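Structure assessment
The chain contents come next:
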Amino acid sequence: MNTKCLDYTLLTIAIIGAINWGLVGFFRIDLVAFLFGNMSILSRIVYGIVGISGLYLLSMFGRVGAMQES
């Protein structure tokens, strides 16, 4: 099964999440909270999706390692 589209979509979401954490760390600007409210149900969903994307991308390490061994 080809999961390339899913990989790129979730990688994009994780990168957006990383940029948000960078904004929080450097400038104290939480873009998700600014757009959707501080810990509103919508912002919690966004945080959850970013977290699930990151967990899924952990499986990429195994697939990339398997591709390099071939």
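Each chain carries its own residue numbering, running from 1 in the written order of its sequence. For this predicted model, a pLDDT threshold of at least 70 governs which residues receive local features, and a threshold of 80 or more governs which side-chain atom pairs are given and counted, while totals over whole chains, interfaces and linings are taken from all residues. As a convention, hydrogens and water are excluded, and side-chain values are obtained from all of the structure's heavy atoms.

Observations concerning helix α1 (residues 4-27)
Inclusion rule: Each helix is a run of DSSP H or I of at least 4 residues and each strand a run of E of at least 2, with the numbering of both proceeding from the N terminus. For a helix, the expected span equals 1.5 Å multiplied by the number of residues minus one. The buried label goes to any residue with under 20% of its type's maximum accessible area, the exposed label to any with over 50%, and the partly exposed label to all in between, with areas taken from a 1.4 Å probe on protein chains only. Contacts are assigned to residue pairs that have any heavy atoms within 4.5 Å of one another.
Taking 1.5 Å per residue, 24 residues should reach 34 Å; α1 reaches 34 Å between its end C-alpha atoms and fits that length. Where α1 is concerned, the buried positions are D7, L10, A14, G17 and N20. Those residues of α1 hidden inside the fold are in contact with α2 (31-36) and α3 (41-69). Positioned one or two residues after α1, R28 has a phi angle of 55°, which is positive.

Describing the packing of α1 against α3
For clarity, the threshold we go by: Each axis is a line fitted through C-alpha atoms, and for a helix only the stretch in contact is used; angles between axes span 0 to 180 degrees, taken between their N-to-C directions. Working rule for angles: under 35 degrees goes down as roughly parallel, over 145 as roughly antiparallel, 65 to 115 as roughly perpendicular, anything else as oblique. Take the far helix as the reference: if the near one is turned anticlockwise from it by less than a right angle, the crossing is left-handed, and if turned clockwise, right-handed.
Contact geometry for α1 and α3: axes closest at 8 Å, N-to-C directions at 125°. Considering the angle they form, α1 stands oblique to α3. Handedness of the crossing formed by α1 with α3: left-handed. Residues L6, D7, L10, L11, I13, A14, G17 and N20 of α1 pack against Y47, I49, V50, S53, Y56, L57, M60 and R63 of α3.

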